[in-house]
Amino acid sequence: MSKAFASQADLADKKITFEQLSPHCWAYTAEGDPNSGVIIGDDFIMVSDATATPAMARDLIQQIRKVSDKPIKYVLLTHYHAVRVLGASAYFAEGATEIIASQGTLELIRERGAQDMQSEMERFPRLFRGAESVPGLTWPSMVIGGGDAVKGEKPGKLSINLGGVVVQIWSPGHGHTRGDTIAWVEEEKVLFSGDLVEYEAGVYTGDAQLEEWPATLEALRALKAEYIVPGRGEAMKGNADVNKALDYTKRWVTTLFQAGKEAAAAGMDLKAAMAHTRKSMDPVFGHVFIYEHCLPFDVSRAYDEAKGIKNPRIWTAERDMEMWKSLQG
């Protein structure tokens with residue numbers, strides 16, 4: 001029997017947790033659904049990852065307003081995926097004047113943002129509650145230029161003082177996408193990683209740079225964070241648990257890519273590559289949230305990259321369905 005497409009059968013709401021990690025940093029998590037981070041200064045607030053729709057962003061805003069009435073001046077896009085960015089317009093009424101992204105993320109929005117928006121809305125209907133409130137693509141107003149670590153360049157870095165707390169923003173390297181951007185509160189050792197790091201949830205790699213991702217994770221490890229808000233999964237507290245999340249993500253990425261390389265070298269077709277990958281992935285990760293959703297997209301990307309396709313092919317709603325019928329039918 002064919003599995004329901006992506007997360008179309010996932011209709012149960014998740015329990016939302018809004019918890020304080022340090023004097024200025026908060027985590028907004030939801031049992032494996034996409035997370036957001038909040039940094040509350042004496043003067044301004046920053047939100048890392050805007051949520052999928054303005055209607056869903058207002059749920060986060062409601063939580064913030066229980067603890068602070070400061071303007072939510074800054075919204076950080078850790079990458080371009082629709083489920084992370086399309087809620088940004090809700091923050092304008094709360095004082096937002098800057099939407100921040102890396103140059104790589106801006107390029108990806110230009111290149112494939114419209115296709116990604118349609119694709120993700122069909123994959124995750126529950127996560128796009130109030131989709132009619134989305135005014136269109138989210139465009140950054142403040143872009144952190146250059147700094148491609150893969151080319152040996154020093155990453156562009158932005159420091160923002162929210163009043164009593166400074167947030168450092170930069171791209172540590174390629175991984176989940178080629179535009180991944182983090183927020184780092186050094187004084188409190190809190191890292192907001194976006195989907196570069198996940199924990200006990202599916203690691204979506206459909207638009208990834210798998211070869212470079214492990215080195216990027218090691219760059220994050222070198223920060224010696226005491227707290228991390230991953231893209232999915234619970235906020236991790238204590239450096240040992242931060243490293244558990246880094247290790248989890250690294251194991252997923254390396255196991256997946258190794259299987260993709262083996263499949264490509266053996267001349268397997270994509271369906272055979274999926275079966276081969278399951279042998280190493282299912283026993284370790286088969287139990288986690290959105291595993292069956294992520295795996296066919298992940299195998300497709302690993303197989304492509306192993307065959308030399310460095311720039312991920314664009315996912316469209318039509319390509320999604322074609323691939324799904326082939327691999328999960």
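Residues numbered from 1 in each chain as written. Predicted model: local features only at pLDDT ≥ 70, side-chain atom pairs only at ≥ 80, totals over all residues. Heavy atoms only, no water.

K.L.:
Would you mind going over the sheet that holds strand S3 (residues 33–40) in detail, with residue names and values included?
P.N.:
Here we have seven strands laid out as an open sheet, ordered S1-S2-S3-S4-S5-S6-S7, and mixed in their pairing. Strands with a single pairing partner mark the edges of an open sheet, and in this sheet they are strand S1 (17–20) and strand S7 (142–144). Sheet twist, expressed as the mean angle between neighbouring strand axes with direction ignored, is 20 degrees. Pairing geometry for S3 and strand S4 (residues 45–48), over four bridges, is antiparallel. Looking across to S4, one finds that isoleucine 40 is bridged to isoleucine 45. (Pairing = 2+ DSSP bridges. Helix = DSSP H or I, 4+ residues; strand = E, 2+ residues; numbered from the N terminus. Axes fitted to C-alpha atoms, helices over the stretch in contact; angles between N-to-C directions.)

K.L.:
Run through the packing of helix H5 (residues 239–265) against helix H6 (residues 270–285), naming residues and quoting values.
P.N.:
Between H5 and H6, the shortest axis-to-axis distance is 8 Å and the interhelical angle comes to 155 degrees. With respect to each other, H5 and H6 are oriented roughly antiparallel. The chirality of how H5 crosses H6 is right-handed. Between H5 and H6, the contacting residues are Tyr248, Arg251, Trp252, Thr255, Leu256, Ala259, Glu262 and Ala263 on the first element and Ala273, His276, Thr277, Ser280, Met281, Val284 and Phe285 on the second. (Parallel < 35°, antiparallel > 145°, perpendicular 65-115°, else oblique. Left-handed = near helix turned anticlockwise from the far one by under 90°. Contact = heavy atoms within 4.5 Å.)

K.L.:
Can you explain the environment of alanine 225? Please cite residues and give values.
P.N.:
Along the polypeptide, alanine 225 turns up in the loop between helix H4 (213–221) and strand S12 (227–232). For alanine 225, a relative accessible area of 2% translates into the label buried. Every residue in contact with alanine 225, bar those within four places of it in the chain, is listed here: Trp184, Lys189, Leu191, Asn239 and Val242. (Buried < 20%, exposed > 50% of the residue type's maximum accessible area, 1.4 Å probe, protein only.)

K.L.:
Quick rundown of the nonpolar core? Include the residues and the values.
P.N.:
Among the nonpolar cores identified, the biggest contains 44 residues, and Leu191, Val197, Leu210, Trp213, Leu220 and Trp252 are the most heavily contacted of them. The set of elements that each furnish at least two residues to this core consists of strand S10 (182–185), strand S11 (190–198), H4, H5, H6, helix H7 (291–306) and helix H8 (317–328). The leading source of residues in this core is H5, at nine residues. The residues contacting leucine 220, other than those within four sequence positions of it, are Pro172, Ile182, Leu191, Leu196, Val197 and Leu246. (Core = buried A, V, L, I, M, F, W, Y, C linked by side-chain atoms within 4.5 Å.)

K.L.:
Explain the pairing of S11 to me, using residue names and the numbers behind them.
P.N.:
Of all nine residues making up S11, nine are buried, and the element is well covered by its neighbours. Here S10 runs beside S11; their pairing, made up of three bridges, is antiparallel. For tryptophan 184, the partnering residue across the bridge sits in S11 and is leucine 191. Joining the antiparallel neighbours S10 and S11 is a turn of four residues, in which lysine 189 adopts a positive phi near 60 degrees. Inspection of the sheet shows S11 paired to S12 by five bridges, in the parallel sense. What sits directly across from valine 190, in S12, is tyrosine 227. Following the chain from S11 across H4 to the adjacent parallel S12, one finds a crossover that is right-handed. (Right-handed = clockwise from strand over helix to strand, strands pointing away.)

In short, geometric facts, not functional conclusions.
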